[in-house]
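The primary structure of each chain is shown beneath.
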Amino acid sequence: MSEIANTVSEHTPEASTKPNDANTARTESPERLARPLIRLSKAAGVSTSYIDQLGTYVEIDDDVLVDVLGALGVDASSDEAIDRSIADIEEQNSKRLLPQQTIVAAAGAPATVTLHCGGDEKPSAAITLEDGTVLHGAPGDIRPGDNPTEQVLSLPTDLPIGYHTLSVAAGEREATATLMVAPGRIPLPEAVEEHPRWGWMAQMYSIRSKDSWGVGDYGDLRRLLVDAATESGADFMLINPIHAGAPIPPLEPSPYLPESRRFLNVTYIRPQDIAEYGELSDSDRSRIAALHAAVAPCNDDPNPLDINEAWSAKRQALRIIFDHPRSAEREAAFARFKEQAGPDLDSFATWCLAFEVWGAPWEPDSWFGRTDRTSPEVSGLVRDHHDLFEFNRWLQWIADEQVSSAQRAAKDAGMALGLMQDMAVGVHALGADVWWSPERFAVGSVTVGCPPDFYNQQGQDWGQPPFNPRYLERTGYRVYREMVHSMFAHAGAVRIDHVLGLFRLWWIPRGKGAKGGAYVTYNHEAMIAVLSIEATRANGMVIGEDLGTVPDYVRRVLAAHGVLGTDVAWFARVDDSPNAGDPYAPPSDYRRQALASVTTHDLPPTAGYLEFEHVQLREKLHLLTEPVEEFAKSAAAERQAMLDMLVEGGWLDAEAAADVPAHEQCIVEAMHAMLTATPSVLRQAAIVDGTGQHATVNQPGTSDQYPNWRIPLVDAAGAIVHTDEVFANPRVLSLAAVMRGERRD
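Residues numbered from 1 in each chain as written. Predicted model: local features only at pLDDT ≥ 70, side-chain atom pairs only at ≥ 80, totals over all residues. Heavy atoms only, no water.

The protein chain is annotated in an unreviewed UniProt entry as 4-alpha-glucanotransferase from Bifidobacterium scardovii. Quoted verbatim from the Sequence similarities (unreviewed entry) field of UniProt, the annotation for the protein chain is "Belongs to the disproportionating enzyme family." Listed under Catalytic activity (unreviewed entry) in UniProt, the entry text for the protein chain is "Transfers a segment of a (1->4)-alpha-D-glucan to a new position in an acceptor, which may be glucose or a (1->4)-alpha-D-glucan." (UniProt positions renumbered as here; feature names shortened; annotations may be inferred.)

If you want it as structure tokens, here you go:
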């Protein structure tokens, strides 16, 4: 079969049909479509044009297409190479028995698979279910197809949901494929079906208590979830991604640039909550107390978090606890965790070990580029430092216990969903996943990002290597399945950051800049099937962040499968207009199948946005591609359009709208009151909007220029708000009352 051809989705249009008077060209010309490079690109799943957020038709340059094809392993370096690659694809297509190596079927619905074999080959088929049961096909299951070189296999309609294996033989040819049987639609949990539910968004690292180590931790998360349920009536809490990071400083502050998405961030562990902590000797407890005392003053510091100092102290404390003997019962639980986590846990622990013993992977002439999982020195490293290797596995076990405990506490406190985990787009190029399993990625020559849009006029390069769609297809999406499963083990809902990545990702060749990329398509049906299976098994929900340059067909497909979209008030204009100052849509226009919110983590808190924090910050950081006066003018028009909508809808008095600084809280609450009039099944408020914080949490397109993901939670006056103070804060409780639909004073 052709691994390349199977990355192409039948639902992937190359151009939108949305009218735009400023652009007459909406599709590629026949002459362009006939070019061999364009034909090869499309066969390989590389989009050769797209429509940007402003509705502009954009064609991808030839040199970009050549580089992206090269990253996929397709040679387009010359006219001769292009012809050979096209011929190779055609030859592979002619020889395959099964159409794909991953096949998706809807549970309970009739489904067929076309076999590429003639009528004289007498094919046979069998299905091995996920539990090992083997089902052999009856003669009537296979019939002649419309084409004499094809036969059609009918699949049983009573297959259970799950990941099965389809095996087919015809003459001397044999083939297997992963058969995903998924619910046609992710069902809403009964509690959400009853009536809309609301919850909070929190940057958990920013919210600290006296027991924290300078950074918010899983103990703080547990307290926040319980208080949010009991004191504010919330049903969920969306937090920043808690994927795994580096084992020792320097730590990457962005939770969206993890070293592995399969495992958890151990820097958020609270040592005092570990079972063995209570069994320590007085001497060991004193040592840990001294380490805690060294960083505890940071819990009261309104300046950016020092994540490295915090982890340096905490890691020493964790090592003291690890060295304490465990009971037989606890040791057995640890062993079960290691067995269930499988070989990926060992690979991550080995990467952590190499990082600590041999140095950071980004250092010159690093081990990262000289070794791999087969290197003798790697196995020797694990043998010589097995205790440290085991320590890194133990950290994952403890993190797993503490996140699980937080989710149980949330549900026990009455939350309908509890924790909503956030899935980052990808992983660090020098992280554990890439080092141990580079075949999973398009490594070295491309990174992932997004093209320019209104809010990021220079585009974005996230510096992450993309999953190789050919590898995913060939392996039945196992790596994606395991990641999604592990997230639902600790959550009632999963938010997919940049959900467009299920369909296509913006691949940026090295040296081209964020604007110089191309979209590579993925088998969204398979990836949605994984989400559907895992969410249904966990009685959970999936929310897709579908903001920015997202074609309409993506939203339609996601909605048909029960994946919620994301509606954000600051982006919700009439007819999806990209123009600041155009009228905002009434709440009745929001989607029912959506998580509705006022803001996102990529915008300043609402109080700051109303005061043009984003204008001032982007000018300061030189992120604008237009004069600041023009951007300020558009921001002012945007704010006025929002105020007009709130006044017209009866959520805000005209007097308050005329004096924003004096009525900041009133306007913030009016925007959230508007959310309660939407039909959306999930509604969300940000804790920073409750406290009145102004400072931006994250400014996209920056790294060292701004302390992204290190801003502590503060109130409107800039004073620290501690974990136990959040849901005693009058302003937070007032916003909670608004979200519950109660009358505001």
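Now that the structure has been shown, the text picks up again.
Caption draft 1: Molecular detail of the packing of aromatic side chains. For the structure shown, the criterion picks out 23 aromatic pairs. An angle of 80° between the planes, with centres 5.5 Å apart, marks the rings of Phe355 and Trp362 as edge-to-face. Using a relative accessible area of 1% as the deciding quantity, one classes Phe355 as buried. On the basis of relative accessible area, Trp362 is assigned to the partly exposed category, the value being 39%. Between the aromatic rings of Phe391 and Trp394, the centroid separation amounts to 5.9 Å while the plane-to-plane angle is 20°, which identifies the pairing as stacked. In this pair, Phe391 and Trp394 are both assigned in helix α13 (residues 386-412), three residues apart and thus about one turn of the helix distant. For the pair shown, Phe391 and Trp394 are each scored as buried. (Phe/Tyr/Trp six-rings, centres within 6.5 Å; stacked < 30°, edge-to-face > 60°. Buried < 20%, exposed > 50% of the residue type's maximum accessible area, 1.4 Å probe, protein only. Helix = DSSP H or I, 4+ residues; strand = E, 2+ residues; numbered from the N terminus.)

Caption draft 2: The arrangement of helix α21 (residues 628-648) in detail. Here α21 spans 30 Å end to end across 21 residues, near enough to the 30 Å set by a 1.5 Å rise per residue. Among the residues making up α21, those that are buried are Val628, Phe631, Ser634, Ala635, Glu638, Ala641, Met642, Leu643, Met645 and Leu646. Where α21 is buried, its residues contact α19 (606-610), α20 (613-620), α22 (654-657) and α23 (664-675). The positive-phi residue at the C-terminal boundary of α21 is Gly650, with phi of around 85°. (Expected span 1.5 Å × (residues − 1). Contact = heavy atoms within 4.5 Å.)

Caption draft 3: The arrangement of the domain arrangement of the protein chain in detail. Split by domain assignment, the protein chain resolves into domain 1 (30-93), domain 2 (98-182) and domain 3 (565-737). Computed over C-alpha atoms only, the centres of domain 1 and domain 3 are separated by 41 Å. (Domains from an automatic or database assignment.)

Caption draft 4: Structural context of empty space enclosed by the protein. Across all of its chains, the model carries 10 cavities of 30 Å³ or more by this definition. Its boundaries defined by the atoms lining it, the largest cavity holds a volume of some 310 Å³. Lining the largest cavity are 26 residues, and of these Glu252, Pro253, Asn265, Thr267 and Tyr268 lie nearest its centre. Among the elements of the structure, β13 (243-244) and α8 (307-323) are those that each provide at least two residues to the lining of the largest cavity. Per element, the largest residue contribution to the lining of the largest cavity is four residues, and it comes from α8. The residue makeup of the lining of the largest cavity, split by class, is 18 nonpolar, five polar and three charged. The class makeup of the residues in the lining of the second largest cavity is 15 nonpolar, four polar and two charged. (1 Å grid on protein atoms, 1.4 Å probe; cavity = no way out; pocket = protein on both sides within 12 Å on 5 of 7 lines; lining within 4 Å. Points joined across faces, edges and corners; volume = space filled by probe spheres on them. Nonpolar A, V, L, I, M, F, W, Y, C, P; charged D, E, K, R; others polar.)

Caption draft 5: Region of the structure containing the pairing of strand β15 (residues 418-423). Of all six residues making up β15, six are buried, and the element is well covered by its neighbours. Relative to β15, strand β12 (residues 236-239) runs parallel, the two being bridged by three bridges. Considered in β15, the bridge of Met237 is made with Leu419. Here four bridges tie β15 to strand β18 (residues 493-496), and the two strands are oriented parallel to one another. Of the residues in β18, the one forming a bridge with Met423 is Ile496. (Pairing = 2+ DSSP bridges.)

Caption draft 6: Summary view of the sheet that holds β12. Taking strand neighbours across the sheet as the criterion, the eight strands line up as β21-β18-β15-β12-β11-β24-β23-β22 in an open arrangement whose pairing is parallel. Strands at the two margins of the open sheet, each flanked by one partner only, are β21 (541-544) and β22 (565-568). Within the sheet, the average angular offset between the axes of one strand and its neighbour, ignoring direction, is 25°. Sheet topology note: the β18/β21 ladder contains four bridges and is parallel. Bridge pairing in β21 links Val494 to Val542. (Axes fitted to C-alpha atoms, helices over the stretch in contact; angles between N-to-C directions.)

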